[in-house]
Protein chains: 2
Amino acid sequence: MNYRYSKRLDSFSSSAVREILKLTQRKSIISFAGGLPAEEHFPVAAIGEAFQRVLAAGNKALQYGLTEGYLPLRESICKWMARKGTKVTPDDMLLTTGSQQAIDLLTRIYIDPGDVILVEKPTYLSALQVFRSYGAVLVSVDTDEDGMVLDDLAAKLKEHRPKLVYVIPTFSNPTGKAWSLERRQGVLAQCRAADALILEDDPYGELKFGDASVTYPSLFSLDQHPQGSCVVYTSTFSKTAAPALRTGWVMADPDIIRHMARAKQAADLHSSSLDQQILHQLMEHYDLEGHIEFVRKEYEARMRQMAELLSEQQWPGVTWNEPKGGMFFWLELPESVDSAKLLQTAVDLGVAFVPGVSFFADGTGHNTMRLNFTHNDFDGTIVGMQRLNQAMESVLVK
Amino acid sequence: MNYRYSKRLDSFSSSAVREILKLTQRKSIISFAGGLPAEEHFPVAAIGEAFQRVLAAGNKALQYGLTEGYLPLRESICKWMARKGTKVTPDDMLLTTGSQQAIDLLTRIYIDPGDVILVEKPTYLSALQVFRSYGAVLVSVDTDEDGMVLDDLAAKLKEHRPKLVYVIPTFSNPTGKAWSLERRQGVLAQCRAADALILEDDPYGELKFGDASVTYPSLFSLDQHPQGSCVVYTSTFSKTAAPALRTGWVMADPDIIRHMARAKQAADLHSSSLDQQILHQLMEHYDLEGHIEFVRKEYEARMRQMAELLSEQQWPGVTWNEPKGGMFFWLELPESVDSAKLLQTAVDLGVAFVPGVSFFADGTGHNTMRLNFTHNDFDGTIVGMQRLNQAMESVLVK
């Protein structure tokens, strides 16, 4: 049998994340690679109680559900967003299998082969993979500590007339940066003027460190929404409740949501409604807000520990900033270092990270790397950093 | 904001199934429309126990999982398939969000715009929607009571050089037919010779009625498998355990599985691993085989009740056959009747069905309809058939 695959097959090359998830299953490896939450803090008992309530409601809980997702959960999320100052209704919302699926469905209904998508430099690697699989042309926009560089964005909007601009303004994956309010407003105004739809990916917004009075409003909330909004917003319960429940949501103009729902019907009919019902019970009968606050503090402590360990290393020519939230440190190494090669040495020594090159749409960034600080406990992080230091010594000139 | 949707948007027109799932939420309607299992027979207690076992295994149960799916469940399915005479390993298998996602992922890695897919006439409407969304050209192959008509298949393989042939050989949706062994072998031989990959969709194979000694081997099991197989096989737990757990699986040559897994990584990273773990516990610690046998008998009784009621009606010019398994009766009405118009009358009278035209790739079949017999209890079916009879009287000349 001669298999005649489609041309888009090449876009599904195995990604770093994929191989990483396999690596992390080996117990001898301390992994700073995957973006995994700390499983010892999952609200297991609360999820157990939530499940009991779901089953107690009767057999109908196990029947087929709506493509748009379980209505009471959409209502709970609307209340949740309202407390944060964002007004949406269930009709402006679709539940997805993680926010990854929201990225896929929007691309499916919005992008034709050859269409340009602007992305941050660097950005989330699995979004790049989705965009490429639909034949999009990816153009990187420069970023600095405050977010997308507005001059560069203006030039690229003008030159490429992109249909879509993909951004992670709040605690970026991979860099941990948070955009300033001025940049948020600037990007919004420019994209609206250029008829470029913004996909705002916000998996980490709840994981904010430092001064509690500093807030980062989403682009979606800054826009007039949801009717006619130029922002499609997606988030997930994977980082705040538990990844195994694979539930994300997307909010946008109801016209966009309706089209995404039809694409989702073809893609998988609907996501797990058992998971959606469990999350609904969790939102209504559990202090999810308090749980997130607990996890947030724990992650901030882990971030500070890793910051201290990084400071102690004094690796020559290696620079990094303290992340303002999220799950990752982002390191720039000397030009001479190829972090993909470094990874091989590191894994031999029993530690893993993600080489940065995968996060660059333009193939640069060979001398960068991403370190996760949320998954390992303090002891694990100490041992992992010792191993990483050994690996670094093999490539850095002291 | 001027939304600039992709060209493929048109392929996601709202389908009949979608509107039906909404209709069935109205309590006043007795629905023979959706392909819903009988929720009063879901193994709720067993699923509750399975969930407790999953949580008892520790917090890791709620962490991110593999794109390929939870390995112990893949192993359990392999054992299950082995008992039915089909030998596969976990590497030949991918877990999906229902078998709907298996159809989507295979199309994504296999079909370029303009490629031809052969389908049965009629066939599962949501598969047609997926194929169209990837720009496939759909060509219908004639079917009779024994399956695909081999002469017509031969002619169309020769004329169109299709990449893919999509079939539901065992208790078809919508017709309830089961192919004869001769047709299975004939289709397999012809497709192999023509390098046409077969997608065998088997959601209903476990729901067999009548003589227990009659068996219907899957095309996949009749082929040399899995290496080099010309059959990709998909099935689901939605009809045997519960739809809310949204878990299907696909078996094929490991090369195809590897490519589908990469496409799945982009699509949603992985399906609910909570659901997969629950199903694994269900397969290992519950008599799922016995449960299926119980449900099968119950469905057969419901089918016979509807067959009796249909016989009593004596609608002039309306023909149907007793389904050999699955969930549906398939009715052919006189040429003069448009079943889509009839549906409007029927809904006004409080009963729903699916007009047949959606199941035809070539736009024919306006005078056909599909009736589900698994979801309603005996009393509901009696009332529903009375209402349907009223609707029929308005269009049939007695």
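Note that the structure is a prediction, hence the values are computed from the model and not measured.

Novice: Tell me about the pairing of strand S10 (residues 248-251) of chain A, and please be specific about residues and values.
Specialist: Here is the key point about a regular strand: its side chains alternate between the two faces of the sheet. Residue and element names in this part refer to chain A. Burial of S10 is two-sided: the residues Gly248 and Val250 facing one way and the residues Trp249 and Met251 facing the other way are all buried. Two elements, strand S2 (residues 93-96) and S10, share four bridges in a ladder whose sense is antiparallel. Within S10, the residue paired with Thr96 across the bridge is Gly248. In this sheet, S10 lies alongside strand S9 (residues 231-236) in antiparallel orientation, the contact comprising four bridges. Looking across to S10, one finds that Thr234 is bridged to Val250.

Novice: An account of the relation of the copies chain B and chain A is requested, with residue identities and associated values reported.
Specialist: Rotating chain B by 180° about the axis while translating it 0.0 Å along that axis superimposes it on chain A, leaving an RMSD of 0.0 Å. Interpreted geometrically, this transformation is the action of a two-fold axis. For chain B, the residue whose C-alpha comes nearest the rotation axis is B:Ser272, separated from it by 3.3 Å. When the interface residues of chain B are mapped onto chain A, 100% of them again lie at the interface, so the same face is used by both copies.

Novice: Tell me about the sheet that holds strand S7 (residues 164-167) of chain B, residues and numbers included.
Specialist: All names here are of chain B. Ordered in space as S2-S10-S9-S8-S7-S3-S4, the seven strands form an open sheet in which the pairing is mixed. The sheet terminates laterally at strand S2 (93-96) and strand S4 (137-141), the two strands that pair on one side only. Between one strand and the next, the sheet's axes are offset by a mean angle of 20°, whatever the strand orientation. Note that strand S3 (residues 116-120) and S4 share five bridges and pair parallel. The residue bridging Val116 from the neighbouring strand is Val137, located in S4.

Novice: Before we move on, can you summarise the packing of helix H9 (residues 254-268) of chain A against helix H4 (residues 98-110) of chain B with the specific residues and values?
Specialist: Two elements in contact, H9(A) and H4(B), have axes whose closest approach is 5 Å; the angle formed by their N-to-C orientations is 95°. By the angle between their axes, H9(A) is roughly perpendicular relative to H4(B). Facing A:Gln265, A:Ala266, A:Ala267 and A:Asp268 of H9(A), the residues of H4(B) in contact are B:Gln100, B:Gln101 and B:Asp104. Here the contact of H9(A) with H4(B) is built from residues that sort into two nonpolar, three polar and two charged.

Novice: Explain unusual backbone geometry to me, using residue names and the numbers behind them.
Specialist: Residue and element names in this part refer to chain A. Here the amide bond leading from Lys121 into Pro122 is cis, since omega sits at 5°, within 30 degrees of zero. Mapped onto the secondary structure, Pro122 falls in the loop between strand S3 (116-120) and helix H5 (125-133). Note the cis peptide between Asn173 and Pro174, where omega equals 20°. Summarising the element assignment, Pro174 is placed in the loop between strand S7 (164-167) and helix H7 (181-193). Here the phi dihedral of Leu269 falls at roughly 70°; this positive angle occurs in a residue that is not glycine.

Novice: So what about the domain arrangement of chain A? Which residues, and what values?
Specialist: By convention, interface size is frequently given as the accessible area that disappears when the constituent parts associate. Residues and elements named next belong to chain A. Along its sequence, chain A is organised into domain 1 (8-43 + 290-393) and domain 2 (44-285). Placing a centre on the C-alpha atoms of domain 1 and another on those of domain 2 gives a separation of 24 Å. Between domain 1 and domain 2, the contact holds 36 residues from the first and 39 residues from the second. Where domain 1 abuts domain 2, roughly 3,100 Å² becomes buried across the two surfaces, and 64% of that area is made up of carbon and sulfur atoms. Remark: the boundary between domain 1 and domain 2 carries one salt bridge. Among the salt bridges present, the one from Asp362 reaches Lys121, with a minimum N-O distance of 3.1 Å. One can count 14 residue pairs in polar contact (both at pLDDT 80 or more) joining domain 1 with domain 2.

Novice: Quick one: what's the story with the nonpolar core, residue by residue and with numbers?
Specialist: Formed by 108 residues in total, the largest nonpolar core has its most connected members in A:Leu62, A:Ile278, B:Leu62 and B:Ile278. Sequence-distant contacts of A:Leu62, defined by excluding residues within four places in its chain, comprise A:Leu55, A:Leu274, B:Phe42, B:Val44, B:Ile47, B:Ala242, B:Pro243, B:Ala244 and B:Leu245. Counting residues in hydrophobic clusters, the runner-up holds 76 residues, among them A:Ile117, B:Leu9, B:Ile117 and B:Ala136.

Novice: I'd like a rundown of the environment of B:Asp338, residues and numbers included.
Specialist: Residues and elements named next belong to chain B. When you line up the elements, Asp338 lands in the loop between strand S12 (328-332) and helix H12 (339-349). Taking the C-alpha atoms as reference points, Asp338 and Gly35, separated by 303 residues in sequence, lie 22 Å from one another. Engagement of the side chain of Asp338 in a polar contact is seen with the backbone nitrogen of Ala340, the distance being 2.9 Å.

Novice: Describe the sheet that holds strand S14 (residues 354-355) of chain B, naming the residues involved and giving the relevant values.
Specialist: Backbone-to-backbone hydrogen bonds pair the strands of a sheet. The strands run either parallel or antiparallel. All names here are of chain B. Across the sheet, which stays open at both edges, the four strands sit in the order S11-S12-S15-S14 with antiparallel pairing between neighbours. Each edge of the open sheet is held by one strand with a lone partner, namely strand S11 (319-320) and S14. The pairing of S11 with S12 spans two bridges and is antiparallel. Residue Trp320 lies in a different strand from S12, and its bridge partner there is Leu331.

Novice: Residue-level account of the interface of chain B and chain A, with values.
Specialist: With 92 residues of chain B in contact, the opposing surface of chain A contributes 92 residues. Between chain B and chain A, roughly 8,200 Å² of surface is buried when both sides are summed, and carbon and sulfur atoms account for 54% of that area. On the chain B side of the interface with chain A, the three residues burying the most area are B:Met1, B:Arg4 and B:Tyr64, jointly 10% of the side's total. For B:Lys60, the salt bridge is made with A:Glu39, and the minimal N-O distance between the two is 4.0 Å. The tally of links between chain B and chain A comes to 55 residue pairs in polar contact (both at pLDDT 80 or more). Elements that contribute at least two residues to the side of chain B that touches chain A include exactly helix H1 (16-23), helix H2 (44-56), H4, helix H5 (125-133), helix H9 (254-268) and helix H10 (273-285) of chain B.

Novice: Can you lay out helix H6 (residues 150-160) of chain B for me, pointing to particular residues and giving the numbers?
Specialist: Residues and elements named next belong to chain B. Every buried residue of H6 is accounted for by Leu150, Asp152, Leu153, Lys156 and Leu157. Along the axis of H6, the buried positions cluster into a sector of 155°, meaning they face one direction only. Opposite the buried face of H6, at more than 90 degrees from it, the exposed residues are Asp151, Lys158 and Glu159. Where H6 is buried, its residues meet S3, S4, strand S6 (147-148), S7 and helix H7 (181-193).

Novice: Which residues make up the pattern of salt bridges, and what values do they have?
Specialist: Counted under the stated rule, the structure contains 45 salt bridges over all chains. With its nearest N and O atoms 3.0 Å apart, the salt bridge here joins A:Asp223 to A:Arg192. Here A:Asp223 is found in the loop between helix H8 (219-222) and S9, whereas its partner A:Arg192 is found in helix H7, with 31 residues between them in sequence. Residue classification places A:Asp223 among the buried positions, given a relative accessible area of 8%. Put simply, B:Lys156 and B:Asp152 hold a salt bridge, and the shortest N to O gap is 2.9 Å. Of the two residues, B:Lys156 and B:Asp152 are both situated in helix H6; the distance of four residues between them amounts to about one turn of the helix. When its relative accessible area of 15% is taken as the criterion, B:Asp152 is described as buried. Each of A:Glu293, A:Arg296, A:Lys297, A:Glu300, A:Arg304 and A:Glu322 takes part in salt bridges that share partners, so that together they form one network.

The rules behind these values
Residues numbered from 1 in each chain as written. Chains lettered and ligands numbered in written order. Predicted model: local features only at pLDDT ≥ 70, side-chain atom pairs only at ≥ 80, totals over all residues. Heavy atoms only, no water. Buried < 20%, exposed > 50% of the residue type's maximum accessible area, 1.4 Å probe, protein only. Helix = DSSP H or I, 4+ residues; strand = E, 2+ residues; numbered from the N terminus. Pairing = 2+ DSSP bridges. Least-squares fit on C-alpha atoms with pLDDT ≥ 70 in both. Contact = heavy atoms within 4.5 Å. Axes fitted to C-alpha atoms, helices over the stretch in contact; angles between N-to-C directions. Parallel < 35°, antiparallel > 145°, perpendicular 65-115°, else oblique. Nonpolar A, V, L, I, M, F, W, Y, C, P; charged D, E, K, R; others polar. Domains from an automatic or database assignment. Buried area = accessible area lost by both parts, 1.4 Å probe. Salt bridge = Lys/Arg side-chain N within 4 Å of Asp/Glu carboxyl O. Polar contact = N/O pair within 3.5 Å; in protein donor to acceptor, adjacent residues only side chain to side chain. Core = buried A, V, L, I, M, F, W, Y, C linked by side-chain atoms within 4.5 Å. Arc of directions from axis to C-beta.

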